[in-house]
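Take a look at the letters that make up each chain.
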Amino acid sequence: MRILLPFVTALAAAVSVQAQQLSGTGATFPAPIYQRWSVEYNKQVPSIQVNYQSVGSGAGVKNFLQGVVDFGASDAAMTDEEMTKSPCGAVLIPATAGSVVLAYNLPEVKNLRLSREAMAGIYLGKITKWNDPAIVAANPDTPLPATPINVAYRSDGSGTTFVFTQHLAAISPEFDEQVGFDKSVTFPVGIGGKGNEGVTALIKQTPGTIGYIEFGYAEQNGLSCAALENKSGQFVAPTPESGAAALASVEMPENLRVWPVDPAAPEAYPITSFTWLLLYKKYDDAAKLKALKDFITYGLTEGQSLATGLGYIPLPESVVAKANAALGTIE
Amino acid sequence: MSAPAAAKDALTAPVRTGPDYFLWLCGAASVGAIFVLGWIFFEIFQEAIPALKEFGAKFLTNATWQPNRDRFGVLPFLVGTAATSLIALLIALPPGLAIAIFLNEDFLPKPARQFIRFVVELLAAIPSVVYGLWGIFVVIPLIQQLGSWCAERFPNVPLLAGPAYGNSLLTASVVLALMILPTITAISRSSLVAVPRTLREGSYALGATRWEAIFGVILPTAAPGIVAATILALGRAMGETMAVAMLIGNSPRLSWSLFSPSGTLASLLANQFGEASGLQVSALMYAALVLVALTLAVNFAGEAVLRYTEKRTAGIR
Amino acid sequence: MDNPITHSPDFFEDNSPESTKMLGRSLFDRALTALCVGLSFLALVPLASILYLVVKNGLPLLDWSVFTQLPPAAGMNGGGFGNAVIGTLTMVGLALLMAAPPAVLAAVYICEYDPKGKLSNAVRFAAKLLTGVPSIICGVFAFAAVVLATGKFSAFAGAVALAVLMLPTILLTSEQALLGVQRAYREASYGLGATRFQTISRVVLPDAAPAIMTGIMLAVARAAGETAPLVFTALFSQFWMSSLMEPTASLSVLIYNFSTMPFEHQVKMAWTASLVLVLLVTATNVTAQLVFSKRHA
């Protein structure tokens with residue numbers, strides 16, 4: 001009997017106004033804000049229901065190429081090769097952005113500063129203790145313990161790893177050669193946590209642990225983040241402002257794909273990245289296309305005001321303008 | 001009905017001829033089950049072909065897993081799968097059987113037994129994600145302490161070597177054991193219940209104590225069911241994805257210590273499938289095939305055990 | 001059931017070899033009983049720990065509104081997971097309808113009709129192999145078989161993935177259940193002139209019903225708690241279910257999504273959803289067992 005209830009409900013709901021359903025899959029990083037946009041937009045326009053589920057950027061791109069979703073999402077955008085495989089072309093639209101932070105668990109150390117050498121050295125396994133000279137050099141006023149560094153990384157493939165290793169590979173040729181950059185890499189040291197929350201848990205559990213996570217996780221969990229040395233030699237802490245400075249320092253090209261891998265601006269936080277929505281160039285269903293365009297326009301304009309509260313970085317005005325223009329080219 | 005009247009009816013009742021439709025239905029269901037397996041196998045195999053061509057059997061002995069360099073080898077994960085499943089079984093089998101026996105005997109009044117049964121079946125109702133979360137909050141700190149203690153006391157034993165991480169082989173095994181416990185208990189209990197009462201009464205009549213009856217007669221008779229329960233539990237342990245991925249530390253490096261991070265084939269799939277592309281997807285499907293082959297090996301072992309017990313208890317049914 | 005010999009008044013006075021041996025056996029017997037009881041309670045300690053954690057973390061947000069409201073998005077408070085409850089009930093129920101009849105019928109075939117035949121051996125082999133297939137592969141398979149074929153994610157695809165997950169468990173436990181029916185019952189039935197179908201449907205299956213139910217409940221409990229198969233087939237939805245062919249919310253995916261978010265309210269919701277899931281599955285289990293309990297001793 002209990003089994004009948006959902007069918008009755010479904011029937012009742014189906015008989016009522018049929019909402020326009022849009023579904024998308026992709027990266028885990030922007031899932032919270034996309035889902036928030038979905039709910040807020042649905043309040044404004046109840047006839048449009050957008051469902052987004054995080055499955056990973058790779059699976060998101062795969063689903064997009066197989067045509068089983070209305071839109072995709074990816075932290076690593078799409079390569080040219082992937083775009084050619086799309087059934088109806090592909091348009092990339094940057095939707096939001098975020099910073100990857102190095103969070104650490106050292107109760108006595110409040111403002112850790114890590115030089116480029118230290119960052120790469122820790123993740124290469126060459127710097128193994130907190131009081132290593134390379135770290136002490138950047139923190140002359142802070143006493144550092146002689147304890148070993150527990151390194152944490154992402155065990156699952158992720159855009160966060162992609163962005164982090166991309167930066168490390170850019171600043172350290174040795175890292176590039178030994179480890180390289182990708183959504184999953186094999187680090188020479190450390191322990192893997194599943195998801196941002198897994199790495200966060202690892203950091204919280206054991207003093208002396210350091211790991212790379214999205215800014216929102218560090219913020220919500222009250223973890224200390226290291227100030228990282230950027231290209232200009234400044235030690236910059238992750239804040240919405242330093243993230244915005246990093247985004248503003250790169251020129252967004254025509255195809256809207258760019259990575260601020262190693263921004264040169266003095267106030268820029270070194271590890272920031274956009275995340276993209278993947279759309280087809282042509283949609284057969286006009287009603288669906290309109291709903292999609294309206295939703296994304298909402299996200300690019302009003303939706304940006306929700307970004308900071310959730311740990312993301314609002315898109316610079318110039319990027320929003322270009323994104324809107326790209327949206328207009330879809331038919 | 002009186003006996004003569006019934007017999008007369010049976011002799012004069014119409015003889016049923018014609019096809020046994022029910023048999024066909026059951027046969028169709030059987031074929032369907034095989035078809036499903038075949039289809040799944042076909043799908044996995046198709047995806048795995050590029051990796052099969054590229055690596056061949058070296059996939060099983062190579063210990064490097066580097067997706068961005070397109071170098072794949074599953075040895076650490078194979079070892080991890082075997083180790084976690086076996087340890088989980090070792091931890092879960094004695095209590096599981098003990099509870100099953102306990103529930104089948106009359107040490108406690110029936111309501112108390114119903115309650116315990118209910119409580120064990122509650123374990124089965126808990127989602128695997130929650131097992132993972134519980135593992136993170138409760139088991140990891142405990143194992144970490146145990147590991148540090150072991151590393152200090154037994155520094156030269158490679159199995160117990162430090163540094164002790166909470167996310168380790170042992171943590172995953174312990175939580176897996178808890179997850180497979182209800183399976184072992186529930187199915188073993190069903191098998192014990194199915195042992196004819198006459199056997200038990202017969203052994204008591206011959207002067208056996210309760211436990212002599214259990215070990216000498218009841219357990220051997222119920223053995224096929226218990227072996228089936230074990231195989232099912234082992235299969236679940238090898239295929240468990242989410243909880244293991246959250247607890248095992250996910251290290252692609254081969255290590256012999258119980259307290260160091262490890263990985264299993266299923267957790268490898270869970271971690272990397274979502275983001276994989278190109279050859280990596282194929283390698284992951286190849287890993288899934290390896291897991292299926294491992295299940296096959298386990299089943300053969302189970303068959304061997306079954307044949308041994310059947311020889312010993314032939315004729316009792 | 002204590003051994004009557006130890007109760008005789010002269011037992012401890014008698015020093016003959018037979019009674020000493022009897023004492024030994026009796027002590028061994030009691031020691032094993034103690035061990036058995038000890039192991040049983042040992043296993044219940046972690047269970048108490050898990051339940052305590054789930055209840056402690058899940059109870060604060062538990063009230064009727066969780067069944068009537070939709071999931072809160074990131075940064076929002078309040079909300080519930082009514083659509084996820086409906087989704088889980090629907091998909092697990094549908095999966096049960098798809099998996100249980102074929103599984104039980106196949107078990108009947110390999111047990112009653114042709115126990116040693118080639119088809120039976122093949123079915124057993126297939127079922128045992130299927131038990132080792134990780135749940136994520138069931139999801140990948142259903143993705144290839146249903147999602148790609150229909151062009152969209154749907155509750156139906158989710159149900160197919162869960163059905164594949166449940167099939168081997170139900171099949172193998174049903175086989176054990178049928179094997180547990182005493183041969184004497186079957187022989188008596190045939191002796192009274194019943195056909196094979198009548199014997200199976202009126203004697204064997206009813207007698208095996210409680211054990212079959214145990215197996216089905218184990219399968220249902222597992223299916224309700226699995227995430228990976230549903231993430232690739234039914235996705236998730238922030239809204240009420242409107243049809244079987246659309247992405248659908250489920251409790252397990254909700255728990256997975258919320259527990260991995262950095263927002264405290266969502267994490268608390270995940271615990272409440274876990275509590276509700278455990279309660280739902282247990283309620284189903286208890287109901288099924290009450291309905292199918294053995295009427296004769």
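Everything below is about the structure printed above this text.
1. Observations concerning the interface of chain B and chain C
Move 1: Counting from both sides, the interface comprises 84 residues of chain B and, opposite them, 82 residues of chain C.
Move 2: Across the chain B-chain C interface, the total number found is 2 salt bridges.
Move 3: For the salt bridge of Lys128(C) with Glu303(B), the shortest nitrogen-to-oxygen distance reads 2.7 Å.
Move 4: In this assembly, chain B and chain C are joined by 10 residue pairs in polar contact (both at pLDDT 80 or more).
Move 5: Where the side of chain B that touches chain C is concerned, the elements lending two or more residues are α2 (21-55), α4 (75-104), α5 (110-125), α6 (128-153), α7 (169-194), α9 (210-239), α11 (265-272) and α12 (279-312) of chain B.
Move 6: At 16 residues, the largest contribution of residues to the side of chain B that touches chain C is made by α2(B).
Move 7: Partitioned by chemical class, the residues of the side of chain B that touches chain C number 59 nonpolar, 13 polar and 12 charged.

2. So, unusual backbone geometry
All names here are of chain A.
Move 1: Although it is not a glycine, Ala77 sits at a positive phi angle of roughly 50°.
Move 2: Looking at where Ala77 falls in the secondary structure, it is placed in the loop between β3 (71-74) and α4 (80-84).
Move 3: Positive phi, close to 60°, is recorded for Leu256, a residue that is not glycine.
Move 4: With respect to the helices, strands and loops of the structure, Leu256 is situated in the loop between α11 (240-248) and β12 (272-279).

3. As for the state of the cysteines
Move 1: With the rule as written, the count across this model stands at 0 disulfides over all chains.
Move 2: The cysteine Cys111(C) is free of any disulfide, with Cys26(B) supplying the nearest cysteine sulfur at 11 Å.

4. Notes on the interface of chain A and chain C
Move 1: With 38 residues of chain A at the interface, the matching set in chain C holds 34 residues.
Move 2: For the pairing of chain A and chain C, the buried interface totals around 3100 Å² over both sides, and the portion due to carbon and sulfur atoms is 66%.
Move 3: The interface formed by chain A and chain C includes 0 salt bridges.
Move 4: Where chain A touches chain C, the interface holds 6 residue pairs in polar contact (both at pLDDT 80 or more).
Move 5: Taken together, the elements giving at least two residues each to the side of chain A that touches chain C come down to α1 (4-15), β1 (20-26), α2 (31-44), β2 (48-54), α3 (57-66) and α10 (215-221) of chain A.
Move 6: With 8 residues, the single largest contributor to the side of chain A that touches chain C is α2(A).
Move 7: Of the residues that constitute the side of chain A that touches chain C, the class distribution is 14 nonpolar, 18 polar and 6 charged.

Definitions and cut-offs
Residues numbered from 1 in each chain as written. Chains lettered and ligands numbered in written order. Predicted model: local features only at pLDDT ≥ 70, side-chain atom pairs only at ≥ 80, totals over all residues. Heavy atoms only, no water. Contact = heavy atoms within 4.5 Å. Salt bridge = Lys/Arg side-chain N within 4 Å of Asp/Glu carboxyl O. Polar contact = N/O pair within 3.5 Å; in protein donor to acceptor, adjacent residues only side chain to side chain. Helix = DSSP H or I, 4+ residues; strand = E, 2+ residues; numbered from the N terminus. Nonpolar A, V, L, I, M, F, W, Y, C, P; charged D, E, K, R; others polar. Disulfide = S-S within 2.5 Å. Buried area = accessible area lost by both parts, 1.4 Å probe.

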